[in-house]
Amino acid sequence: MRFFNTEGPVRSEDHYRLPPLQRWDLDEILMLIAQKKYFLLHAPRQTGKTTCLLALMEHLNREGRYRAVYANLEGAQAYRERVDPAMATIVTDIAAAAGVWLGDAAPALHAAEVLAVTPPGSALGVFLTQWCQRSSKPLVLLLDEVDALIGDTLISLLRQLRAGYPQRPGAFPQTVILCGVRDLRDYRIHSTAEASIITGGSAFNIKAKSLRLGDFTAAEVGTLLLEHTAETGQVFTPDALARVWELTQGQPWLVNALAYRACFEMPEGRDRSRPITTDLIDHAKEQMISERVTHLDQLADKLCEGRVRRVIEPMLAGTSTGEVSEDDRQYLVDLGLLRRDGTGGLVVANPIYREVLPRALAGGPQDTLPRIAPTWLNADGSLNPERLLDAFLVFWRRHGEPLLRSAPYHEIAPHLVLMAFLHRVINGGGILEREYAIGMGRMDLCLRYGAVTLGMELKVWRDGASDPLTEGLGQLDAYLAGLGIVTGWLVIFDRRSGQPPIRERTGAQTETSPGGRRIQVVRA
């Protein structure tokens, strides 16, 4: 029985899959190899890089013009900047990979001989030179997880490859493909003892090209999901197929994870006589986010990095990222956190990531929330928006000040505390959706709880700015119109200096929007 894969390379006998070599321009790859080029393949984690490299290796070896070997260099990461043991590990791992993929034990024996008489710091170049001299065919080397290496270890690897480059193909690999998450320009190699950059892409200036493995297209998402239908007879409704694409925007791990959970973990989905519906897909998405599955947990962990914060914080706040460096912005694109939309602007890569980022950031305030009685519920368990507003005002007056200090991103601390409060509300069975965009000066929230849909707009009043009430009412009008509802909240967080304490300035009043909607304006 085949299934949707979420761990490691795809195997055709075990997993539903798209043909790996169709995910990139194979003719371009083969041309670069024929021209003896060295180049990079990069893409975010869990997008299929290793699967594509293995498929390329198999294709080249089957074609017969080259000897191709895939090797993962992650084992050397443990040695950090201890160059000798790290480079010895790289040499032995490449040699062992030749035994696995080519059935050739000679490279392993030869590697031991080289390491016995050669300083490990230069052993890779010697080993590759002598191996290629003894080989009957040009060698193509596919090195994975290269950017897991740091500092002097990475410098040593890149410079030994550069030093041997003029000897190809008779005495050095015809082609070397370096694969990792980041593009070469981001090989900003730091010493563990110093914060400063000690070298960059110049250590590998023989690179001919950087290729990026993209996400699935909408058509490819449909093709992959229908592999399950062909195998089991279980159908996805058209709306469910569209929903998977909408939530993931083709991110390969997310596509597989949603489908696996819906088809193989949920009891309703395991019944092959029942179709996979939009409700099942949405339920799978909520489970993945709430459980902080490994992929999403690794994503959330990146939020602690300074260069990530410098981009994400203004995005969540709705302010401009104009002062953020291009390197930092591109770094988040390479990580897969962000993508460029049709106009070239930056947006969060997909709706699931858009949920994960603020939810992860609100985790600190949420963990420190006091126990709150659900006074916002009616006797029948339905949500009462008026009681919810009263409960929030009481909560904010009592706990807003100290909780703001627990938020990891200062600029959006009020947003995170409010979201932490709302997550307590939806624990009873609701959903909280978020929308935000650079330069719009706001964050929009939609709380859905049973039959109730509540739209909110969050704005911050800062020093030197005018009261955002008028602008906020107009913006909220458009948001509520899109939701198809006639009431909502406009929450204005007053962050100007010299204001009275939160407990004294927090309150609410009813206003009418330009479109005639009844708006609760909360000033906090």
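What counts, and where the lines are drawn
Residues numbered from 1 in each chain as written. Predicted model: local features only at pLDDT ≥ 70, side-chain atom pairs only at ≥ 80, totals over all residues. Heavy atoms only, no water. Helix = DSSP H or I, 4+ residues; strand = E, 2+ residues; numbered from the N terminus. Areas by Shrake-Rupley, 256 points an atom, 1.4 Å probe, with all protein chains shown as cover. Lys, Arg positive; Asp, Glu negative; His and termini not counted. Charge placed at Lys NZ, Arg CZ, Asp CG, Glu CD. 1 Å grid on protein atoms, 1.4 Å probe; cavity = no way out; pocket = protein on both sides within 12 Å on 5 of 7 lines; lining within 4 Å. Points joined across faces, edges and corners; volume = space filled by probe spheres on them. Nonpolar A, V, L, I, M, F, W, Y, C, P; charged D, E, K, R; others polar. pLDDT = per-residue confidence, 0-100. Contact = heavy atoms within 4.5 Å. Polar contact = N/O pair within 3.5 Å; in protein donor to acceptor, adjacent residues only side chain to side chain. Buried < 20%, exposed > 50% of the residue type's maximum accessible area, 1.4 Å probe, protein only. Pairing = 2+ DSSP bridges. Arc of directions from axis to C-beta. Phe/Tyr/Trp six-rings, centres within 6.5 Å; stacked < 30°, edge-to-face > 60°.

## So, the overall build of the protein
Right, on to step 1. What the protein contains, in helices and strands, is 20 helices and 15 strands.
Right, on to step 2. Projected onto its principal axes, the C-alpha coordinates of the protein cover approximately 85 × 60 × 40 Å.
Right, on to step 3. Accessible surface, the protein: about 22,100 Å² in total, of which carbon and sulfur atoms supply 49%.
Right, on to step 4. Between the centroid of the 58 positive side chains of the protein and the centroid of its 62 negative side chains there is a distance of 2 Å.

## Section: the layout of surface pockets
Right, on to step 1. Looking at the second largest pocket, its volume works out to about 520 Å³.
Right, on to step 2. Taken together, 25 residues make up the lining of the second largest pocket; nearest its centre are G8, Q46, T47, G48 and T51.
Right, on to step 3. For the lining of the second largest pocket, the secondary-structure elements that each account for two or more residues are α2 (49-63) and α9 (252-265).
Right, on to step 4. Here the lining of the second largest pocket gets 4 residues from one element, more than from any other, and that element is α2.
Right, on to step 5. Broken down by class, the residue content of the lining of the second largest pocket amounts to 10 nonpolar, 9 polar and 6 charged.

## Observations regarding the confidence of the model for the protein
Right, on to step 1. In the predicted model, the protein carries a mean pLDDT of 90, and the fraction of residues at 70 or more is 95%.
Right, on to step 2. Taken as a whole, residues 194-201 scores under 50 in pLDDT and shows 21 contacts with residues more than four places along the chain or in a different chain.

## Focus: the environment of R212
Right, on to step 1. Within the secondary structure, R212 is located in strand β7 (residues 207-212).
Right, on to step 2. Not counting the four nearest positions on each side in its chain, R212 is found in contact with L41, H42, P44, V333 and D334.
Right, on to step 3. Only 3.0 Å separates the side chain of R212 from the backbone oxygen of V333, close enough to count as a polar contact.

## Focus on the pairing of strand β4 (residues 175-180)
Right, on to step 1. In terms of burial, β4 is largely enclosed, as 6 of its 6 residues are buried.
Right, on to step 2. In β4, alternate side chains face the same way, and those of T175, I177 and C179 on one face and V176, L178 and G180 on the other are all buried.
Right, on to step 3. Judged from the 4 bridges that link them, strand β3 (residues 139-144) and β4 form a sheet pairing that is parallel. Across the sheet, residue V140 finds its bridge partner in β4, namely T175.

## Topic: the environment of T232
Right, on to step 1. Among the structural elements, T232 can be located in helix α7 (residues 218-232).
Right, on to step 2. Residues T232 and R2 lie 230 residues apart in sequence; the distance between their C-alpha atoms is 9.5 Å.
Right, on to step 3. A polar atom in the side chain of T232 sits 2.8 Å from the backbone oxygen of H228.
Right, on to step 4. A distance of 3.1 Å separates the side chain of T232 from the backbone nitrogen of Q234, its partner in a polar contact.

## A closer look at helix α1 (residues 26-34)
Right, on to step 1. Taken as a whole, α1 has its buried residues at L26, E28, I29, L32 and I33. Each buried residue of α1 lies within a common arc of 160° when the element is viewed along its axis, so the set occupies one face.
Right, on to step 2. In this structure, the buried residues of α1 make contact with β1 (38-42), α2, β3, β4 and β7.
Right, on to step 3. You can read the cap of α1 off the contacts: a side-chain oxygen lies 3.2 Å from the backbone nitrogen of D27, and it is on D25.
Right, on to step 4. Count one or two residues on from α1 and you reach K36, which has phi positive near 60°.

## Details of the packing of aromatic side chains
Right, on to step 1. Applying the stated criterion across every chain, the model contains 14 aromatic pairs.
Right, on to step 2. Seen from their ring centres, F4 and F264 are 6.4 Å apart, and the 75° between their planes marks the pair as edge-to-face. Highlighted residues: F4 in the segment before α1 and F264 in helix α9, separated in sequence by 260 residues.
Right, on to step 3. On the accessibility criterion, F4 (1% relative accessible area) is buried.
Right, on to step 4. The class of F264 is buried, set by a relative accessible area of 13%.
Right, on to step 5. Site record: aromatic cluster; members linked through ring pairs are W376, F392, F395, W396, F421, W489 and F493.

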